[in-house]
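Single-letter residue listing:
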Amino acid sequence: METLPESLAVARVIAQRLADNVTDVVMSPGSRNSPLAYALMARRDLRVHMRIDERSAAFTALGLARVQRRHVGVVMTSGTAVANALPAMVEAHMSHTPLAVVSADRPARLVGTGASQTIWQDGIFGRYAATQQVATEADAAAVSFAADQVHINVALDTPLVPDTLPAPEGEPRRVGPGRLSTPPTWVDHGAVDVDLTRNTLVIAGDEAWDVPGLEHVPTIAEPTAPAPFHQVHPLAARFFAKSEVAISHDGGDFSAETKPDQLIVEGHPTLHRDVMALMADPDIEVIGISRTDTFTGHPDRRGSRVNATGQSTDAWIKICEAAGEVGAQTVRDALTEDEFGLTGMHVAAAVCDTLGVGDTLVVGSSNPVRDVSMVGMPFDGVTTISARGAAGIDGTVSQAVGVALATQALHPDEIRAPRTVALMGDLTFLHDVNGLLIGPDEPRPGNLTIVVANDDGGGIFHTLEAGAESVERDFERVFGTGHHVGVEKLAQAYGADYEHAGSLQELLQTLIRLEAEPNPITVVEVDTTRATRRALAQRLAR
């Protein structure tokens, strides 16, 4: 049997451990990770995606993992290359998404000596992922994928390159979502007793699921939560904060007690201030339901399941329906008013109105995810993904690419790749435009549309405290951050198709045409205004 140099033998074992636990690896080029590169390229049971930028590589892997629901590997060389994976690892930890970073490192004798591309990589991810140090084949064989977030730090000494290419290993395979060893993400906090004859409202955020016993309880659901049977618009949170309001419904007017007796909070809601304020109301009992160690806010009782008795009264359901209808209609009415021009919320409405069953929607943080919530998401048949763990805008393009790749891999026999639509603002797009950098020999999405609502800056700040007139002097430079970047030239530089929509009608026509005749990657730029965002928010609040 061939005797390999230590670094090549260690890399071969690491590649085998990855093949045992993942189907996809996203790798960046480097010298110190050469042994890992040769070992991985020899595996016929792994799909390897190359990315020049380690930060983009890590977020692409995160996008793949969100769909696959298992670890995806990220492999890079030593030094600051490893640090570039920290933002994706933070989001993976906060969103409980499996991710495995495999970093090459210099031998221990070189750490702290000033050697090139040598930093302290042990513990580099802090509380977000513990480091497993690997220096020998025995260490490599013992690496574990039991945790959701994994950091395998492999010290590799010279020689780093084999004399000849290694023989192929493994067999090609087709694996569905979660078919390999799935990490023990879920935590069982037990059951809580819930009397549904009390006026009950469910708040479903990211990581929510269909909780047995709560199927018919009125629910304010964020876009990434399952679509509820009795969906209540988030604007209705203002109704529920009051003890009594006048409501018009089904042709009649009536006064109703609207404050819930109890809220059941599923998953990790974060989007709407009025909803969060409702959760903090001392007069309302809050029950937290979570399958992780994270409970949003400070619930009075906690669990992972409910023992539900009784059911919501017809009167309570009627109140919730009426309040929800008022909220939804308020948004749609406001979007028809000429005074607001074409905003990101108009773009969100067009995107959501042209989605179909089987589509996947990737939504950027900041305004877009709130906008799609306002215009009616979630709804059945569409999978919605957004980075709500740490809720950053970074890595959104790369995650969209990863989501599209993973989604189409689940349907390899279909003539047309399943449709993935990503909606984001211009700052989010620019922050991760390098996610479009995909080499000519790399797997590419077959049907990804990236809609960029371009208001030339940070529109969300207009709706926050920083947008008030009393502090507006430095707003444009510090928060607005206009840039005047040519999105078309960027898209063309990265080899993506480009479409421009100057009006809402043009956007609708473009989205409908791309649904019928998809391109691998198309960037659709929509010129929007942020000058009216504060006034629009105030209009909705009224």
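The numbers attached to residues start from 1 for each chain and follow its sequence in the written order. Where totals are concerned, whole chains, interfaces and linings use all residues; where local detail is concerned, this predicted model gives features only for residues with pLDDT of at least 70, and gives and counts side-chain atom pairs only at 80 or more. Hydrogens are left out, water is left out, and the side-chain values use all remaining heavy atoms of the structure.

If you check an unreviewed UniProt entry, the chain appears there as 2-succinyl-5-enolpyruvyl-6-hydroxy-3-cyclohexene-1-carboxylate synthase from Corynebacterium godavarianum. UniProt positions are given in the numbering used here, feature names are shortened, and annotations may be inferred rather than shown by experiment. Looking at the chain in UniProt, the text filed under Subunit (unreviewed entry) is "Homodimer." According to UniProt, the comment filed for the chain under the heading Sequence similarities (unreviewed entry) is "Belongs to the TPP enzyme family. MenD subfamily."

A. Quick peek at the packing of helix α1 (residues 6-21) against helix α2 (residues 34-41). In contact at an axis separation of 8 Å, α1 and α2 are set at 50 degrees when each is read in the N-to-C sense. Considering the angle they form, α1 stands oblique to α2. Like other packed secondary-structure pairs, α1 and α2 cross with a definite hand, here right-handed. In this structure, α1 contributes S7, L8, A11, R12, I14, A15 and L18 to the contact, and α2 contributes P35, L36, A39 and L40. Any residue that is not Ala, Val, Leu, Ile, Met, Phe, Trp, Tyr, Cys, Pro, Asp, Glu, Lys or Arg is counted as polar, Gly included; the first ten are nonpolar and the last four charged. Grouping the amino acids of the contact of α1 with α2 by side-chain chemistry returns nine nonpolar, one polar and one charged. Axes, fitted as lines to C-alpha atoms, cover a helix only where it is in contact. Angles between the N-to-C directions of the axes lie from 0 to 180 degrees. Numbered from the N terminus, helices here are DSSP runs of H or I no shorter than four residues, and strands are runs of E no shorter than two. Our angle categories are set so that under 35 degrees counts as roughly parallel, over 145 as roughly antiparallel, 65 to 115 as roughly perpendicular, and the remainder as oblique. With the far helix as reference, a near helix turned anticlockwise by less than a right angle produces a left-handed crossing, and one turned clockwise produces a right-handed crossing. Should any heavy atoms of two residues lie within 4.5 Å, those residues are considered in contact.

B. How the structure looks around the UniProt feature "domain: Thiamine pyrophosphate enzyme N-terminal TPP-binding" (unreviewed entry) in the chain. Within the UniProt annotation, "domain: Thiamine pyrophosphate enzyme N-terminal TPP-binding" (unreviewed entry) is assigned to residues 10-119. Annotation note: span residues 10-119, helix share 45%, strand share 17%, distance between end C-alpha atoms 21 Å.

C. Looking closely at the pairing of strand β21 (residues 521-527). Relative accessibility under 20% of the residue-type maximum defines a buried residue, over 50% an exposed one, and the middle range a partly exposed one, all with a 1.4 Å probe and only protein chains included. The element β21 is largely enclosed, with a buried count of six among its seven residues. Note that strand β20 (residues 497-501) and β21 share five bridges and pair parallel. Counterpart to A501 in the pairing with β21 is V526. A crossover counts as right-handed when, viewed with the strands pointing away from the observer, the path leading from the first strand over the helix to the second turns clockwise. Handedness of the crossover joining β20 and β21 through helix α16 (residues 504-516): right-handed. If DSSP finds at least two bridges between two strands, the strands pair.

D. Region of interest: the environment of E6. Inspection of the secondary structure assignment puts E6 in helix α1. With sequence-adjacent residues up to four places away left out, E6 is seen in contact with A135, T136 and E137.

E. Quick look at the nonpolar core. Nonpolar cores are built from buried Ala, Val, Leu, Ile, Met, Phe, Trp, Tyr and Cys residues. Side-chain atoms within 4.5 Å join them into one set. V74, F429, L436, I450 and V523 are the most contacted members of the largest nonpolar core, which totals 46 residues. The element contributing the most residues to this core is helix α3 (residues 54-68), with eight residues. Once you skip the residues sitting within four places of it in the chain, V74 turns out to touch V26, A57, A58, A61, L99, A100, V101 and V102. By size, the runner-up hydrophobic cluster in this structure holds 35 residues, among which are A334, L361, V421 and L423.

F. Structural context of the pattern of salt bridges. Within this document, salt bridges are pairs made up of a side-chain nitrogen of Lys or Arg and a carboxyl oxygen of Asp or Glu, the two lying within 4 Å of each other. Enumeration over the complete set of coordinates arrives at 24 salt bridges. One salt bridge connects D371 with R533, and the closest N-O pair in it is separated by 2.8 Å. Taken together, the residues span a long stretch of sequence, with D371 in helix α11 (residues 367-374) and R533 in helix α17 (residues 533-541) at a distance of 162 residues. For the pair shown, D371 and R533 are each scored as buried. Residues joined by salt bridges that share partners form a network here, namely R12, R43, D45 and E169.

G. Region of interest: the sheet that holds strand β9 (residues 219-221). Taken in spatial order, the five strands line up as β9-β8-β12-β13-β14 in an open sheet, and their pairing is parallel. Where the open sheet ends on each side, the last strands, each with one partner, are β9 and β14 (301-303). Taken over all neighbouring pairs, the strand axes of this sheet differ in orientation by 20 degrees on average, direction set aside. Strand direction decides the pairing type here: strand β8 (residues 200-204) and strand β12 (residues 262-266), joined by five bridges, are parallel.

H. Just the sheet that holds strand β6 (residues 149-155), in detail. Strand order in the open sheet formed by six strands is β2-β1-β3-β4-β6-β5, and the pairing between neighbours is parallel. Every interior strand has two partners, whereas the edge strands, β2 (47-50) and β5 (131-134), have only one. Shown here is a sheet whose adjacent strand axes are inclined to one another by a mean of 20 degrees, direction ignored. Judged from the seven bridges that link them, strand β4 (residues 99-105) and β6 form a sheet pairing that is parallel.

I. View of the environment of G30. Tracing the backbone through its elements, the reader meets G30 in the loop between β1 (24-27) and α2. Among the residues examined, G30 registers a relative accessible area of 35% and is labelled partly exposed. In this structure, the C-alpha to C-alpha distance between G30 and V75, residues 45 residues apart in sequence, is 9.8 Å.

J. Summary view of unusual backbone geometry. Going from T158 to P159, the amide bond is cis rather than trans, its omega being 0 degrees. With respect to the secondary-structure elements, P159 resides in the loop between β6 and β7 (191-195). A cis amide bond links M377 with the next residue in sequence, P378, at an omega value of 5 degrees. Relative to the helices and strands, P378 is located in the loop between α11 and β17 (383-386). Residues other than glycine seldom take positive phi values, yet S366 does so here, at roughly 75 degrees. Tracing the chain through its elements places S366 in the loop between β16 (360-363) and α11.

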